[in-house]
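Observations on the three-dimensional arrangement
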Amino acid sequence: RLKNRGAEVTANVLHPGVISTDLQRELIPEQEGPVRSTLVYFKEKLLPGADSGASTQVLLAASPMVENVSGIYFDNCNSAQFLVSGEGKN
């Protein structure tokens, strides 16, 4: 309805992803051991930091590249396909 009224509104959706921040501090046990080592390695080496983790949100909020793009799903700064629950199952 907004489009019919001449409003310039776009709406897209994104996958926020997982990033390395101190929010995970409560998930990592304080006691040294294999579980702690694995979780610390995963957090520090495999997860992107907050700067790169926010790139898709910033792209959709501020980039002229998507100024007239609407109704698209984005993941890692790219348009992507998604499956509705139950689709693609044999």
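Residues numbered from 1 in each chain as written. Predicted model: local features only at pLDDT ≥ 70, side-chain atom pairs only at ≥ 80, totals over all residues. Heavy atoms only, no water.

For the rest of this paragraph, the subject is the overall build of the protein. Within the protein one finds three helices and three strands. Overall, the protein shows an N-to-C arrangement of helices and strands of β-α-α-α-β-β. Over its C-alpha trace the protein gives a radius of gyration of 19 Å, far above what one expects of a compact globule, namely 12 Å for 90 residues. A principal-axis box enclosing the C-alpha atoms of the protein has dimensions of 60 × 40 × 20 Å. Looking at the protein alone, contacts between residues at least 24 apart form 56% of all its contacts between residues at least 6 apart. Counting only carbon and sulfur atoms, one obtains 53% of the accessible surface of the protein, whose full area is about 7,700 Å². The averaged location of the 10 negative side-chain charges in the protein is 8 Å from the averaged location of its 8 positive side-chain charges. (Helix = DSSP H or I, 4+ residues; strand = E, 2+ residues; numbered from the N terminus. Rg over C-alpha atoms; globule rule 2.2 N^0.38 Å. Contact = heavy atoms within 4.5 Å. Areas by Shrake-Rupley, 256 points an atom, 1.4 Å probe, with all protein chains shown as cover. Lys, Arg positive; Asp, Glu negative; His and termini not counted. Charge placed at Lys NZ, Arg CZ, Asp CG, Glu CD.)

Our focus in this paragraph is a nonpolar patch on the surface. On the surface, a nonpolar cluster with roughly 330 Å² of combined accessible area is contributed by Tyr-41, Phe-42 and Leu-46. Looking at the secondary structure, you find Leu-46 in helix H1 (residues 34-46). Among the residues examined, Leu-46 registers a relative accessible area of 52% and is labelled exposed. (Patch = residues over 30% accessible without salt bridge, like charges linked within 9 Å, V, L, I, M, F, W, Y side chains within 5 Å. Salt bridge = Lys/Arg side-chain N within 4 Å of Asp/Glu carboxyl O. Buried < 20%, exposed > 50% of the residue type's maximum accessible area, 1.4 Å probe, protein only.)

Bringing the side chain of Thr-56 into the picture now. For Thr-56, the location among the structural elements is in helix H3 (residues 55-62). Separated by 2.8 Å, the side chain of Thr-56 and the backbone nitrogen of Cys-77 make a polar contact. Those residues within four positions of Thr-56 in sequence are excluded, and the remaining contacts are Leu-14, Phe-74, Asp-75, Asn-76 and Cys-77. (Polar contact = N/O pair within 3.5 Å; in protein donor to acceptor, adjacent residues only side chain to side chain.)

Turning next to the side chain of Ser-63. Assignment of secondary structure puts Ser-63 in the loop between H3 and strand E2 (73-75). Residue Ser-63 is classed as buried on the basis of its relative accessible area, which comes to 18%. Polar contacts involving the side chain of Ser-63 include one to the main-chain amide nitrogen of Met-65, which spans 3.0 Å.

Among the structural elements, Gln-81 can be located in the segment after strand E3 (78-79). By relative accessible area, which is 79% here, Gln-81 ends up exposed. A sequence separation of 31 residues divides Gln-81 from Ala-50, and the C-alpha atoms of the two residues are 24 Å apart.

With that out of the way, let us pick up the sheet that holds E2. Pairing in this open sheet of three strands is mixed, and the strands run E1-E2-E3 from one edge to the other. Two strands lie at the open edges of the sheet, namely strand E1 (13-14) and E3, each paired on one side alone. (Pairing = 2+ DSSP bridges.)

This part covers the confidence of the model for the protein. Here the protein shows a mean pLDDT of 81. Residues at 70 or above account for 90%. In the model of the protein, helix H2 (residues 50-53) stands out as the element of lowest mean pLDDT, 79, in contrast to E1, which has the highest, 92. (pLDDT = per-residue confidence, 0-100.)

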